[in-house]
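As a plain string of letters, each chain reads:
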Amino acid sequence: MSQVEPYSRKVYYYETDKMSIVHHSNYIRMFEEARLDLMDKCGIDYAQIESLGIIMPVLEVSCKYVKSLFYGETFSVEVEVAAFNGIKMGFKYKIYAVERNELVTTGESWHCFLDNETRTPVSLKKRAPQVFEEMDRIIKEKL
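Predicted model, so just to flag it, every value in this text is computed and none were measured.

Undergrad: Sorry, what's going on with the pattern of salt bridges here?
TA: Oppositely charged side chains can form a pair if their charged atoms are brought close together. Evaluated as defined, the whole model comprises ten salt bridges. With its nearest N and O atoms 2.7 Å apart, the salt bridge here joins glutamate 102 to arginine 100. Where salt bridges share partners, they join Lys67, Glu73, Arg100 and Glu102 into one cluster.

Here it is as C-alpha cells:
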C-alpha cells in the first residue's frame, strides 16, 4: 500500500442516479482523480510531462463493483503503482465508503507514454531521463 494519504471527497449529486446511487461510469473518473492526486502529492508533475510533448493515455481500465456509494457519502481511494518501466505504467485502486468503512470498488488502469504529435510510444528513460529517474525514485521510495 502507498505511504501517501488516500484521495478523499464527498459524492456529488450529479454523480448519482434517481436512487442517489453513484452511476457506474463515475468510478472510473474517481480513479483518475485519485491517480492525478497521487502523482501530485508525490511531486510527479503531469503538466511537466505534457510540456515535453508526452501524453499518458489509458490503454485499459477495469472496475469491480462490490457495493454502492450514495450521494453525500465520503469516499476515499487508495492508489498503488502496479508497474512502471518508463514505457507503460499501471495503477491499482480501492475505493472505500469512509463512514461505513466498507470496500465498494476495486480496479486497475494501464497507461503508456506516447509522443503527443506522432502518437508513437515513448521511452521516458530515453526521451526524458531526468523525469524517468525522478518518477522511478519516487515510486520506489513512496509507493
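Undergrad: I'm lost on the packing of aromatic side chains in this one. Help?
TA: How two aromatic rings sit relative to each other is given by the distance of their centres and the angle of their planes. Counted under the stated rule, the structure contains eight aromatic pairs. Geometrically, the ring pair formed by tyrosine 13 and tyrosine 71 is edge-to-face, given 5.4 Å between the ring centres and 90° between the ring planes. Here tyrosine 71 lies in the loop between β3 (58-65) and β4 (74-84) and tyrosine 13 lies in the loop between β1 (7-10) and α1 (26-41), a separation of 58 residues in the sequence. Classification of tyrosine 71 by relative accessible area gives partly exposed; the value is 46%. Judged by centre distance (4.3 Å) and plane angle (5°), the ring pair of phenylalanine 31 and tyrosine 93 falls under stacked.

Undergrad: Would you mind showing me how to read helix α4 (residues 129-142) here?
TA: Turn by turn, an α-helix covers 3.6 residues, leaving residues three or four places apart pointing in a common direction. Helix length check: α4, at 14 residues, gives a terminal C-alpha distance of 20 Å against a target of 20 Å (1.5 Å per residue), a fit within 8%. When we look at burial in α4, the residues that qualify are Val131, Phe132, Met135, Asp136, Ile138 and Ile139. Each buried residue of α4 sits inside an arc of 165° when the element is viewed along its axis, so together they form one side. In α4, the exposed positions angled more than 90 degrees off the buried face are occupied by Gln130 and Lys140. On its buried side, α4 packs onto α2 (46-51), β4, β5 (88-97) and α3 (124-127).

About the thresholds
Residues numbered from 1 in each chain as written. Predicted model: local features only at pLDDT ≥ 70, side-chain atom pairs only at ≥ 80, totals over all residues. Heavy atoms only, no water. Salt bridge = Lys/Arg side-chain N within 4 Å of Asp/Glu carboxyl O. Phe/Tyr/Trp six-rings, centres within 6.5 Å; stacked < 30°, edge-to-face > 60°. Helix = DSSP H or I, 4+ residues; strand = E, 2+ residues; numbered from the N terminus. Buried < 20%, exposed > 50% of the residue type's maximum accessible area, 1.4 Å probe, protein only. Expected span 1.5 Å × (residues − 1). Arc of directions from axis to C-beta. Contact = heavy atoms within 4.5 Å.

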